[in-house]
Amino acid sequence: MLKRKIIRTLLNYKAQMISMLLMIILGVGIFLGCNIEWYSIKTNRTNYYEDTGYPEYRIYKDSFSLDELQYVKDFSDVKYATRALTALGSLNNNTYLMLNVLEDCQNIKPLYIDGEVYSNEADGIYLSDLYAKENNIKLNDYLDIEVEGFKIHEPVKGLIKSSEYLICLKDSSQLLPNYKEYAYCYLSPKMLTKYLGQAFYNTVYASSKLSTSDFEAEAFNALSVSITVVSYQDETGYSGSNGEIEEGKTMALLIPTAFILIAVLTMVTTMARISTNERIQMGVLKSLGFKRKKIARHYSLYGLIIGTAGTLIGCVLAYGIAYYIINPKGPMSTYLDFPSWHLYMPWYGVLIVILLPITLGIISYLIVNSELKGTTCETLKPKREKAVKASHIEKTKFFSKASFQTKWNIRDMLRHKARTIMSIIGVLFSTVLIFACMGMRDTVIDFKNTLYNENYNFENKLTLNSQISNTKALDLASKYEADYEANIAIKLNDKTVVLSIINNSRNLLGIIDEKGNRLELKDGGVYVCRRVKDDGYKINKEIDFNLYGSKEKITSKVIGVCLSMTEGIYMTENTANDLGLTYKIQTLYTNLNAIVDSNVSSVTTKAELLSAFNTMMEMMDSMIWILILSSAILAVVVLYNLASLGYIEKIREMSTLKVIGFTNKKIAKILVVGTIWITVIGLIIGLPLGAYLLDILLRALAGEYEMNMAFGYLSYIVGIVVPLLVSLVTICLISKKTKKLDMVSALKEREA
């Protein structure tokens with residue numbers, strides 16, 4: 001008998017059951033989807049690094065001998081080490097390849113994709129598979145690569161991926177990889193000897209569990225020359241992917257968690273209302289001899305059924321959301337280059353899948369068990385409404401002079417506080433999410449316009465050959481009427497940051513302050529980025545740092561704060577000369593075109609930088625509209641569910657209104673006005689909370705970008721109109737039910 005009742009009850013409350021089901025699906029789907037996304041990036045990266053022997057440390061200098069390699073191998077806790085060569089090469093189609101040679105590829109190696117396997121004695125070129133795809137290069141096609149004055153003419157023998165280039169960026173100004181113009185290739189030591197006459201290596205890769213400070217200390221003591229030690233944590237591939245992981249964790253903690261909490265709260269509110277409406281039927285079951293626990297277990301099945309079905313379907317949605325982001329053709333593939341894109345669920349995701357339905361079942365059991373308190377006779381009667389005393393607002397002149405619909409809605413809100421609060425939360429959360437997402441979009445657009453349109457006044461960025469002297473670089477700067485820059489890796493509080501030495505006398509390269517205004521760089525001190533400032537280096541405070549390969553402390557004063565794409569400090573060329581710094585000019589910024597010079601290794605146009613930014617914006621837009629759609633669905637489900645329950649609760653009152661002459665239109669107006677009040681309250685609270693959420697997200701993103709929060713008119717329009725429209729559409733659907741209201745049945749209901 002109770003099995004049939006399960007089906008009948010589900011059908012009787014199909015609107016509420018469907019609403020609860022959708023909420024669980026949405027909550028579980030968004031929560032698990034976001035967590036699967038960041039966890040899959042982390043796990044795929046770990047697997048990739050293990051398969052290719054990704055080393056923990058890189059040591060750079062002009063050249064390494066075999067004895068120096070042995071010194072590194074003799075460090076404490078070094079598992080393996082090998083020499084390598086890295087050098088930028090150019091092709092005749094104006095594209096660039098980072099040339100790599102591994103002396104020993106037994107432990108550290110590129111990953112085979114197609115063709116022949118890379119080895120120490122391999123012939124030919126082993127090319128990035130994505131570069132080959134973008135440039136329509138096949139196996140056995142010949143390439144001509146010019147590297148540091150010598151030319152390589154060899155066929156492509158294999159297609160590979162390299163974990164060293166998980167994020168393949170030409171320089172720090174490039175936001176996204178462009179495999180059509182820049183990638184990497186590998187040659188064997190045999191081929192290197194063929195073209196140079198002997199092997200030559202400028203890098204040592206070492207795998208060690210030593211801390212960065214301990215490894216550096218051993219390296220400096222053993223090699224005692226000017227070297228640069230870079231930990232894997234400072235490499236572009238690791239730090240960039242780690243930024244995506246941390247951003248994913250932050251997003252998964254803030255937004256999806258709220259989705260699942262609202263889903264549970266909606267379930268609790270709905271089950272409480274259903275149990276109240278089912279009170280008389282529970283009394284009938286008690287009078288027929290059913291035990292209280294059996295009745296409670298029966299009604300707990302609704303929570304368990306909805307929870308189980310919603311969780312399972314939510315898992316499918318979660319994998320769909322994660323796959324949309326994490327797949328070979330998805331948004332994340334434009335940034336990361338994984339050999340395989342598998343999806344992995346974190347351990348707590350499995351716990352949620354198991355425990356959520358059980359928890360909802362237990363909650364339903366406790367709610368119904370509470371409703372069954374008292375004698376059978378008491379349960380057979382409708383639940384006695386709590387006596388409501390006149391509130392303070394009802395004693396005011398405003399209330400006495402207010403219209404009937406105003407009084408009605410005020411009393412309804414005060415009488416049904418839980419439903420009112422849940423409705424406000426639904427509107428509030430929808431507003432917060434939409435406003436924060438739109439604000440993020442406006443913030444990024446504002447950052448792009450400020451940086452690229454107002455402060456980057458150059459058209460071409462020239463990367464110079466690594467062998468060029470500063471004298472020749474200055475001649476080129478004069479020839480091309482260019483500003484120029486030198487970047488040096490420095491140690492600041494045991495952290496690796498970049499020191500940028502700038503000459504922007506031609507006003508082509510701009511630096512912006514914290515308010516987004518262009519800075520006029522002055523001599524006599526350094527400008528720190530916001531991240532360095534947050535470490536305690538405020539204006540007028542002394543700052544101490546040392547260059548890699550040197551233990552000598554350099555002291556200067558902070559004279560300004562700027563926004564930067566990379567974490568570091570800036571100073572003028574005159575300040576660097578006064579401090580006695582040794583540096584090499586690496587980059588020129590010019591408005592001239594037709595750049596043809598053997599000392600220029602690559603040319604990047606401003607249009608290419610903007611194109612990468614626009615590609616990133618397209619990725620962001622897709623995610624923003626998914627979240628906006630999800631929040632709109634959330635608002636629809638929550639409001640429709642609560643409005644339906646409210647309609648059931650107020651059916652006697654509305655029947656009474658119809659009997660005394662109120663038209664359907666007037667009753668609908670009462671309902672609409674109450675909904676508008678709730679929506680306005682949600683908007684008033686939600687808009688500032690949306691700005692606060694965006695501030696938290698920007699702080700989480702500060703590890704990669706430094707941006708100022710901005711809201712355009714579209715953010716306000718979408719943030720206000722969407723929740724308001726959703727609320728009005730929902731209440732209009734509910735108010736149509738008044739036309740079919742059975743007044744006789746409603747008014748015959750027995751009073752307590």
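Residues numbered from 1 in each chain as written. Predicted model: local features only at pLDDT ≥ 70, side-chain atom pairs only at ≥ 80, totals over all residues. Heavy atoms only, no water.

**Some remarks on the overall build of the protein**
Regarding its fold elements, the protein presents 22 helices and 20 strands. With the C-alpha coordinates aligned to their principal axes, the bounding extent of the protein is approximately 105 × 55 × 45 Å. Within the protein, the fraction of its 752 residues that count as buried is 54%. Accessible area for the protein stands at about 34000 Å²; split by element, carbon and sulfur atoms hold 57% of it. Each charge class in the protein was averaged separately, 81 positive and 73 negative side chains, and the resulting centres sit 22 Å apart. (Helix = DSSP H or I, 4+ residues; strand = E, 2+ residues; numbered from the N terminus. Buried < 20%, exposed > 50% of the residue type's maximum accessible area, 1.4 Å probe, protein only. Areas by Shrake-Rupley, 256 points an atom, 1.4 Å probe, with all protein chains shown as cover. Lys, Arg positive; Asp, Glu negative; His and termini not counted. Charge placed at Lys NZ, Arg CZ, Asp CG, Glu CD.)

**Considerations on a nonpolar patch on the surface**
A cluster of nonpolar side chains, L301, L304, I305, W347, V350, L351, I354, L355, I358, I362 and L366, forms an exposed patch at the surface whose accessible area comes to about 990 Å². At the level of elements, α9 (292–325) and α10 (347–371) are the ones that each hand at least two residues to the nonpolar patch. Here the nonpolar patch takes 8 residues from α10, the largest share from any one element. Structurally, L355 is set in helix α10. A relative accessible area of 44% means that L355 is categorised as partly exposed. (Patch = residues over 30% accessible without salt bridge, like charges linked within 9 Å, V, L, I, M, F, W, Y side chains within 5 Å. Salt bridge = Lys/Arg side-chain N within 4 Å of Asp/Glu carboxyl O.)

**Focus on the environment of I227**
Take I227: it is sitting in the loop between α6 (212–223) and β10 (228–231). Under the relative-accessibility criterion, I227 is labelled buried at 1%. Spatially, the C-alpha atoms of I227 and K61 are 5.1 Å apart, while their sequence positions differ by 166 residues.

**What to know about helix α15 (residues 470–479)**
Turning to α15, its buried residues are A473, L476 and A477. Looking down the long axis of α15, one finds its buried residues gathered within 100 degrees of arc, a one-sided arrangement. In the stretch just after α15, E481 is the one whose phi turns positive, near 50 degrees. (Arc of directions from axis to C-beta.)

**Focus on the packing of aromatic side chains**
Geometry of an aromatic ring pair is reported as the spacing of the ring centres plus the angle between the planes. The full count for this structure, using the stated rule, is 18 aromatic pairs. Taking the centre distance of 6.5 Å and the plane angle of 25 degrees together, the rings of Y49 and Y238 count as stacked. You can see Y49 sitting in helix α2 (residues 14–52) and its partner Y238 sitting in helix α7 (residues 236–277), a full 189 residues away along the chain. Assessed through its relative accessible area of 15%, Y238 is described here as buried. Centroid distance Y118 to Y126: 5.4 Å. Interplanar angle 85 degrees. Geometry classified as edge-to-face. The class for Y126 is buried, based on a relative accessible area of 0%. Lying over the aromatic face of Y54, R58 brings its terminal NZ or CZ to 4.7 Å of the ring centre. Taking NZ or CZ as reference, K61 lies 5.2 Å from the ring centre of F64, over its face. (Phe/Tyr/Trp six-rings, centres within 6.5 Å; stacked < 30°, edge-to-face > 60°. Lys NZ or Arg CZ within 6 Å of the ring centre and 35° of its normal.)

**Description of the side chain of R45**
Within the secondary structure layout, R45 lies in helix α2. Buried charge R45 goes without a salt bridge, the closest partner of opposite sign being E246 at 7.6 Å.

**Section: the pattern of salt bridges**
This structure, assessed with the given rule, holds 12 salt bridges. Its salt-bridge partner being K194, residue E154 comes within 2.7 Å of it at the nearest N-O pair. Of this pair, E154 sits in strand β7 (residues 150–161) while K194 sits in helix α5 (residues 189–196), and the two are 40 residues apart along the sequence. A relative accessible area of 7% means that E154 is categorised as buried. Given the relative accessible area of 55%, K194 is considered exposed. The residue K533 makes a salt bridge to E514 at a minimum N-O spacing of 3.0 Å. One end of the pair, K533, is in helix α16 (residues 530–534); the other, E514, is in the loop between β14 (512–513) and β15 (526–529), with 19 residues separating them in the sequence. Taken together, the shared-partner salt bridges connect D129, K161 and D337 into one network.

**A few points about the confidence of the model for the protein**
Per-residue confidence for the protein gives a mean pLDDT of 82, with 93% of residues at or over 70. The least confident element of the protein, judged by mean pLDDT, is helix α22 (residues 743–748) at 56; the most confident is strand β5 (residues 125–128) at 94. (pLDDT = per-residue confidence, 0-100.)

**Comments concerning the nonpolar core**
Core analysis: the largest hydrophobic core is formed by 109 residues, its most contacted members being L32, F259, L336, F429, V444, F613 and L634. Sequence-distant contacts of V444, defined by excluding residues within four places in its chain, comprise F613, M616, M617, M620 and M707. Residues L99, A132, Y165 and A183 belong to the second largest nonpolar core, which totals 42 residues. (Core = buried A, V, L, I, M, F, W, Y, C linked by side-chain atoms within 4.5 Å. Contact = heavy atoms within 4.5 Å.)

**Quick word on unusual backbone geometry**
Among all residues except glycine, the phi angle is most often negative; among peptide bonds, the trans geometry is most common. Of note in this structure, N140 is not a glycine but carries a positive phi near 75 degrees. We classify N140 as partly exposed; its relative accessible area is 47%. For N540, which is not glycine, the phi torsion reads 80 degrees and is therefore positive. Residue placement: N540 occurs in the loop between α16 and β16 (542–547).

**What about the side chain of S715?**
Tracing the backbone shows S715 in helix α21 (residues 713–735). For S715, the contacting residues outside a window of four places in its chain are F435, M438, G439 and D442.

**Some points on helix α14 (residues 417–455)**
In this model α14 runs 54 Å from its N-terminal to its C-terminal C-alpha over 39 residues, within 8% of the 57 Å that 1.5 Å per residue would give. Counting buried positions over the 39 residues of α14 gives 30, a clear majority of the element. (Expected span 1.5 Å × (residues − 1).)

**Notes on the environment of K658**
Summarising the element assignment, K658 is placed in helix α19 (residues 651–659). Accessibility expressed as a relative area gives 19% for K658, which makes it buried. For K658 and N44, which are 614 residues apart along the polypeptide, the C-alpha to C-alpha distance reads 64 Å.

**Considerations on the pairing of strand β11 (residues 460–464)**
Counting buried positions along β11 gives 5 out of 5 residues, so the element sits mostly inside the fold. Where burial is concerned, the two faces of β11 agree: the one with N460, L462 and L464 and the one with K461 and T463 are both buried. As defined by bridge partners, β11 adjoins strand β19 (residues 587–590) across 4 bridges and the pair is classed as antiparallel. Its bridge partner being in β19, K461 is matched across the sheet by Y589. (Pairing = 2+ DSSP bridges.)

**Considering the packing of α2 against α7**
Orientation of α2 relative to α7, taken along the N-to-C sense of each, is 160 degrees, at an axis distance of 8 Å. Relative to α7, the element α2 lies roughly antiparallel. As α2 packs across α7, the resulting crossing turns out to be left-handed. For the contact of α2 with α7, the residue count by class is 23 nonpolar, 10 polar and 5 charged. (Axes fitted to C-alpha atoms, helices over the stretch in contact; angles between N-to-C directions. Parallel < 35°, antiparallel > 145°, perpendicular 65-115°, else oblique. Left-handed = near helix turned anticlockwise from the far one by under 90°. Nonpolar A, V, L, I, M, F, W, Y, C, P; charged D, E, K, R; others polar.)

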